[in-house]
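For reference, the chains in residue letters:
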Amino acid sequence: MSMDRAACAAVDRAACAALDRAACAALDRDDPLAAFREEFDLPEGVIYLDGNSLGALPKAVRSRLGDVVAREWGADLIRSWNTAGWITLPQRVGARIASIIGAGADEVIAADSTSVNLFKLVTAALAARPGRRVIVTEPGNFPTDLYILQGVRDLLGDRAELRVMEPGGLEDAIDGDTALLLLTQVHYKTGRIHDMGRLTATAQAAGALTLWDLSHSAGAIDVDLNGANADLAVGCGYKYLNGGPGAPAFLFVARRHQALLRSPLSGWMGHAAPFEFSDAYAPAPGIDRMLCGTPSILGLSALEMGVDIMARADRRAVRAKSMALGDLFIRLVEQECPGQFILRSPRDARERGSQVSFGHADGYAIMQALIDRGVIGDFRAPDVMRFGFAPLYVRHVDVFDAVATLKDIMDSGAWRGAAYQTRGAVT
Ligand SMILES: *Cc1c(COP(=O)(O)O)cnc(C)c1O
């Protein structure tokens, strides 16, 4: 793959210089985040472009989990709830996540799954806006967000109504009946970013609350919940926070709402004094009331390692590199495979999260051929090939090599192989 000099003349020199491998390697040498790659256990021969779906393994997880299992659990047994601080792990991990998403340490807690946290906060928000029954969201939101809303509606009958509006109609759909606006800040399929500040202000002006799903934002873009005056948020632990498969999720409740919101899953860990074992439920005063059952200590211990790495990274550098990698990928794909893929993500990096999606009718088979050659992205029905650029461990040369592999698969037609046509249970 060589630089097209005529094309170079037509675009700015700096961007064009990034189009050959040596230039990519030079960008990696100047990368202020380069050292973070060493903190991850990345398999030889793999270019991992799926950190938006399952983050890579932090090396520290091996030793930490070894210690939690052997010493804290094996040797110290039940004493570890006190001696190892297990009982406050949801708060500790939550506080660390808070530093990544522009929230106060007492506004975030790590618990349950994103789906369960959505249920808790959607239901609590409806109850906190009596007389209002409408929840506004958009079609094509992440399925679990829509499914949980449908479940809440079925549960509450005529006390809840869903208003599912295309992005252009969202603001007009918010009115005096609206209790809640639920949106995913970075779209899981296209990477498009919603304007959190503007939409939050619109909802609040109508007296509604906002609930932001940060699953594709936390650790990927510069999230500033309090800067946007956000009310509520949830997010995923196993994507850019590198918490491991099925890692606990997190939730955010702005301090001003904490006394007002009650979790419908009023389990004992959200009680004001769980170890008094009283019969009557009394919610804990702060964010702790959003806990339900006993925290998953193994899961939280792994998540803590991933979050710790992200919390040490400069957020501006993370965002700048994420935008640069996405831009580089788009340029290279369009240069090396002209006319073959449809860009499904915003071209302007400022409107895009840390992923780039391309549409192709045979996207599934092409992605399988890529994975077979060690370039791992994923596929989202009906035709979206999704490539994530986790800035802590993806390099510019990885982007270059990934596109070279893609070009080879397209030029040779290798993706037509029979083995690439059958879909697995997880795509
Ligand atoms: C990944 C993701 C989820 C995941 O929810 P789980 O309960 O962890 O399965 C939820 N919402 C969005 C927007 C996501 O991207």
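### Quick word on the sheet that holds strand β9 (residues 232-235)
In spatial order, the strands read β4-β10-β9-β8-β7-β5-β6; together these seven strands make up an open sheet with mixed pairing. Every other strand in the sheet has two partners, leaving β4 (108-110) and β6 (161-164) as the edge strands with one partner each. Along the sheet, successive strands turn relative to each other by an average axial angle of 20°, direction set aside. Pairing of strand β8 (residues 209-213) with β9 involves three bridges; the strand directions are parallel. By the bridge assignment for β9, W212 is matched with A233. In the packing of helix α6 (residues 89-98) onto the sheet, contacts are made with β4 and β10 (250-253), and the angle to β4 comes to roughly 125°. Sheet strands touched by helix α7 (residues 114-128): β5 (134-137), β7 (178-184), β8, β9 and β10. Its angle to β9, the strand with the most contacts, is close to 170°.

### Some details on the pattern of salt bridges
Applying the stated rule across the entire model yields 31 salt bridges. Where R62 meets D41, a salt bridge forms, and the shortest distance between an N and an O atom there is 2.7 Å. Placement of R62 in helix α4 (residues 59-75) and of D41 in strand β1 (residues 40-41) is noted, with a sequence separation of 21 residues between them. The class for R62 is exposed, based on a relative accessible area of 55%. For R198, the salt bridge identified is with E171, shortest N-O distance 2.9 Å. With R198 in helix α10 (residues 196-205) and E171 in helix α9 (residues 170-173), the pair connects residues that are 27 residues apart, well separated along the chain. Exposure remark for E171: the relative accessible area of 28% places this residue in the partly exposed category. What emerges from the salt-bridge pattern is a single network uniting E39, R96, D308 and R312.

What counts and what doesn't
Residues numbered from 1 in each chain as written. Predicted model: local features only at pLDDT ≥ 70, side-chain atom pairs only at ≥ 80, totals over all residues. Heavy atoms only, no water. Pairing = 2+ DSSP bridges. Helix = DSSP H or I, 4+ residues; strand = E, 2+ residues; numbered from the N terminus. Axes fitted to C-alpha atoms, helices over the stretch in contact; angles between N-to-C directions. Contact = heavy atoms within 4.5 Å. Salt bridge = Lys/Arg side-chain N within 4 Å of Asp/Glu carboxyl O. Buried < 20%, exposed > 50% of the residue type's maximum accessible area, 1.4 Å probe, protein only.

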